[in-house]
Amino acid sequence: MAERPEDLNLPNAVTTRIIKEALPDGVNISKEARSAISRAASVFVLYATSCANNFAMKGKRKTLNASDVLSAMEEMEFQRFVTPLKEALEAYRREQKGKKEASEQKKKDRDKKTDSEEQDKSRNEDNDEDEERLEEEEQNEEEEVDN
């Protein structure tokens, strides 16, 4: 766990970026207000995590999952965020699935290329062995003729 309460705060750069994206252009925010929002966000994350952990413990699990977080949001009376969170979760899952499929396809293509190269190498080795065998046979025939 954190050694000091400040260690539980979200990074200032992250909080500042989120605040700037949420506010219209030309609106400034004081350092104190930014700090207060950062602390409030940290408290919210800790509370949501604690509630989600309770759902995981009820399910006799040690790992929090998305359904625990969604249930925690409802328990915390943030029902209006559940639908957007579900939509964001589905988008994330689709993105991850696409990345996984692309990675698997890339691996298959690489394996095909490797197999093709190995087959070419094997053919070349077979051809080299055939040439060596033919040369040996020719030498043996020449020696027989000489004898």
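Predicted, not measured: the structure shown is a model, and the values here were computed from it.

Trainee: Whenever I open this one, the overall build of the protein confuses me. Can you help?
Mentor: Of regular secondary structure, the protein possesses 4 helices and 0 strands. When the helices and strands of the protein are read in sequence order from the N terminus, they spell out α-α-α-α. Across the 147 residues that make up the protein, the buried fraction comes to 10%. Of the contacts made within the protein by residues no fewer than 6 positions apart, 33% connect residues no fewer than 24 positions apart. Taken as a whole, the protein presents about 12700 Å² of accessible surface, with 49% of it coming from carbon and sulfur.

Trainee: Help me understand the nonpolar core, please; the structure alone is not making it clear to me.
Mentor: Nonpolar side chains tend to gather and get buried jointly when the protein is soluble and globular. Within the largest apolar cluster, 8 residues are counted, these being Ala48, Cys51, Ala52, Leu70, Ala72, Met73, Met76 and Val82. Sorting the residues of this core by element identifies helix 2 (31-58) and helix 3 (66-75) as the ones contributing at least two each. Those residues within four positions of alanine 48 in sequence are excluded, and the remaining contacts are Ala72 and Met76.

Trainee: What should I look at first to understand the packing of helix 1 (residues 12-22) against helix 2 in this one?
Mentor: Running from amino to carboxyl end, helix 1 crosses helix 2 at an angle of 105°, the nearest separation of the two axes being 10 Å. The angle between helix 1 and helix 2 places the two elements in the roughly perpendicular class. Residue-level inspection shows Asn12, Thr15, Thr16 and Ile19 of helix 1 in contact with helix 2, the latter providing Arg34, Ile37 and Ser38. Class assignment of the residues belonging to the contact of helix 1 with helix 2 gives a composition of 2 nonpolar, 4 polar and 1 charged.

Trainee: What am I meant to see in a nonpolar patch on the surface here?
Mentor: On the surface, a cluster of nonpolar side chains totalling about 210 Å² of accessible area is made up of Leu10, Phe44 and Val45. Mapped onto the elements, phenylalanine 44 comes out in helix 2. Looking at phenylalanine 44, the relative accessible area reads 34%, which means it is partly exposed.

Trainee: It is not clear to me how helix 2 should be interpreted in this structure. Could you clarify?
Mentor: Because each turn of an α-helix spans 3.6 residues, side chains separated by three or four positions in sequence point in the same direction. Compared with the 40 Å implied by 1.5 Å per residue over 28 residues, the 41 Å span of helix 2 between its first and last C-alpha is a close match. Burial in helix 2 covers these residues: Ser38, Ser42, Ala48, Cys51, Ala52 and Ala56. Contacts made by the buried residues of helix 2 are with helix 1 and helix 3. Downstream of helix 2 by a residue or two, lysine 60 has a phi angle that is positive, lying close to 55°.

Rules used in this analysis
- Residues numbered from 1 in each chain as written.
- Predicted model: local features only at pLDDT ≥ 70, side-chain atom pairs only at ≥ 80, totals over all residues.
- Heavy atoms only, no water.
- Helix = DSSP H or I, 4+ residues; strand = E, 2+ residues; numbered from the N terminus.
- Buried < 20%, exposed > 50% of the residue type's maximum accessible area, 1.4 Å probe, protein only.
- Contact = heavy atoms within 4.5 Å.
- Areas by Shrake-Rupley, 256 points an atom, 1.4 Å probe, with all protein chains shown as cover.
- Core = buried A, V, L, I, M, F, W, Y, C linked by side-chain atoms within 4.5 Å.
- Axes fitted to C-alpha atoms, helices over the stretch in contact; angles between N-to-C directions.
- Parallel < 35°, antiparallel > 145°, perpendicular 65-115°, else oblique.
- Nonpolar A, V, L, I, M, F, W, Y, C, P; charged D, E, K, R; others polar.
- Patch = residues over 30% accessible without salt bridge, like charges linked within 9 Å, V, L, I, M, F, W, Y side chains within 5 Å.
- Salt bridge = Lys/Arg side-chain N within 4 Å of Asp/Glu carboxyl O.
- Expected span 1.5 Å × (residues − 1).

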